[in-house]
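Reading the structure
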Amino acid sequence: MFIDVPGGRLAYDYAGEGPLVVCVPGLGDTRDAYRSLRPVLVEAGYRVVTMDLRGHGESSAGWDDYSQSAVGADVVALLEHLDAPAAVLLGNSYAGGGVIRAAADAPERIAGIVPIDGFIRAIPVNPVVRALIRLIALSPRLWSVYYATAHPTAKPADLAEHRAKLVAMLRDPLRREAMRRMLLNRAPEAEQVIAQVRCPSLVLMGAKDPDFPDPAAEARTQASLLRGQAVMIDDAGHYPMSEFPERTAEALLPFLKNVF
């Protein structure tokens, strides 16, 4: 399914019936990032919508703006299109900042937010890591290598297939540019509006996330900024929803029950 918004078209799909949970993947990924978590949530009684970021998956490419503010606006547009009274937003990685922007901009439509290993504030990066990020931003195959290492413990059975799809997607120069511009955004706009977020929040973080020097400390800081709760997913990397979907659901379902 698709929704037209200013600047392009966004792809999404849905499954199940019940309170609405919207799942937004991170940069360089597609809505299939939630392929293992979605059926668990559907079985628990939720309507689960997964969407592709602008410039990714089946969404159109060639957008002028790839900021977290733009991602947040896309999420709000989707909620308006669905005409849902309230939703919980899950946002992985870069999209963690996007769901925070959405919560600040459209509080009447959002019941709660769940950043999953989210980049929601500026974090100092040393020159070596910064150079590596720039290389990854230019190479689909290097991104695929990173994506594998970001599942450090329990690699999904279909991980190789998913990575191959990401490489194929990023061979398109416009989609590679979308990822590059998101990846090199070192000043997440979400940080500017965190204080405006009033809905309940749950910070989920993989205990072995390679993107943060101290994942547990980062999770605590994020939860404090959002006045919410932090839960660590043992042994998980940057993508706990695909590496440990059952553990992720165990942390998420009590939050959803309390919110709805």
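Below is a summary of the structure that appears in this document. The shown structure was predicted, so the numbers you read here are calculated from the model rather than taken from an experiment. (Residues numbered from 1 in each chain as written. Predicted model: local features only at pLDDT ≥ 70, side-chain atom pairs only at ≥ 80, totals over all residues. Heavy atoms only, no water.)

What about the packing of aromatic side chains?
- Considering all chains together, one arrives at five aromatic pairs under this definition.
- Ring centres of Tyr147 and Tyr239 lie 4.5 Å apart, and the angle between their planes is 35 degrees; this geometry places the pair in the tilted category. Residue Tyr147 is located in helix H5 (residues 140-149), and its partner Tyr239 is located in the loop between strand E8 (229-233) and helix H9 (240-243); the two are separated by 92 residues in the primary sequence. Each member of the pair, Tyr147 as well as Tyr239, carries the same accessibility label: buried.
- Every member of this aromatic cluster is reached through a ring pair, and the members are Trp143, Tyr146, Tyr147 and Tyr239.
- Here the basic side chain of Arg47 rests over the ring of Tyr14, its NZ or CZ set 4.7 Å away from the ring centre. (Phe/Tyr/Trp six-rings, centres within 6.5 Å; stacked < 30°, edge-to-face > 60°. Helix = DSSP H or I, 4+ residues; strand = E, 2+ residues; numbered from the N terminus. Buried < 20%, exposed > 50% of the residue type's maximum accessible area, 1.4 Å probe, protein only. Lys NZ or Arg CZ within 6 Å of the ring centre and 35° of its normal.)

Focus: the nonpolar core
- Judged by nonpolar contacts, the single largest core of 87 residues is most densely connected at Leu89, Leu90, Ile113 and Trp143.
- If sequence neighbours within four positions are ignored, Trp143 has contacts with Leu27, Gly28, Ile136, Leu166, Leu170, Met179 and Tyr239. (Core = buried A, V, L, I, M, F, W, Y, C linked by side-chain atoms within 4.5 Å. Contact = heavy atoms within 4.5 Å.)

Here's the deal with the layout of surface pockets
- Each pocket or cavity is described by its volume, and for the second largest pocket that value is around 160 Å³.
- For the lining of the second largest pocket, the element with the most residues is helix H6 (residues 159-170), which contributes four residues.
- Counted by class, the lining of the second largest pocket contains two nonpolar, three polar and six charged residues. (1 Å grid on protein atoms, 1.4 Å probe; cavity = no way out; pocket = protein on both sides within 12 Å on 5 of 7 lines; lining within 4 Å. Points joined across faces, edges and corners; volume = space filled by probe spheres on them. Nonpolar A, V, L, I, M, F, W, Y, C, P; charged D, E, K, R; others polar.)

Section: the packing of H5 against H6
- Orientation of H5 relative to H6, taken along the N-to-C sense of each, is 150 degrees, at an axis distance of 9 Å. If you check the angle between H5 and H6, you find them roughly antiparallel. With respect to the hand of their crossing, H5 and H6 are arranged in right-handed fashion. On H6, the residues touching Pro140, Arg141, Trp143, Ser144, Val145, Tyr147 and Ala148 of H5 are Leu159, His162, Arg163, Leu166, Val167 and Leu170. (Axes fitted to C-alpha atoms, helices over the stretch in contact; angles between N-to-C directions. Parallel < 35°, antiparallel > 145°, perpendicular 65-115°, else oblique. Left-handed = near helix turned anticlockwise from the far one by under 90°.)

What about the packing of helix H2 (residues 68-82) against helix H3 (residues 94-105)?
- At their nearest, the axes of H2 and H3 sit 7 Å apart, and the two run at 60 degrees to each other. In terms of axis orientation, H2 runs oblique to H3. Of the two possible hands of crossing, H2 and H3 adopt the one that is right-handed. When H2 is examined against H3, the residues Gln68, Ser69, Val71, Gly72, Val75 and Val76 are found in contact with a partner set consisting of Tyr94, Gly97, Gly98, Arg101 and Ala102.
- Its residues assigned to classes, the contact of H2 with H3 shows five nonpolar, five polar and one charged.

Describing the side chain of His162
- With respect to the helices and strands, the residue His162 is situated in helix H6.
- Not counting residues up to four positions away in its chain, the partners in contact with His162 are Asp29, Thr30, Asp32, Ala33, Arg35 and Tyr147.

Honestly, it's all geometry; don't read function into it.
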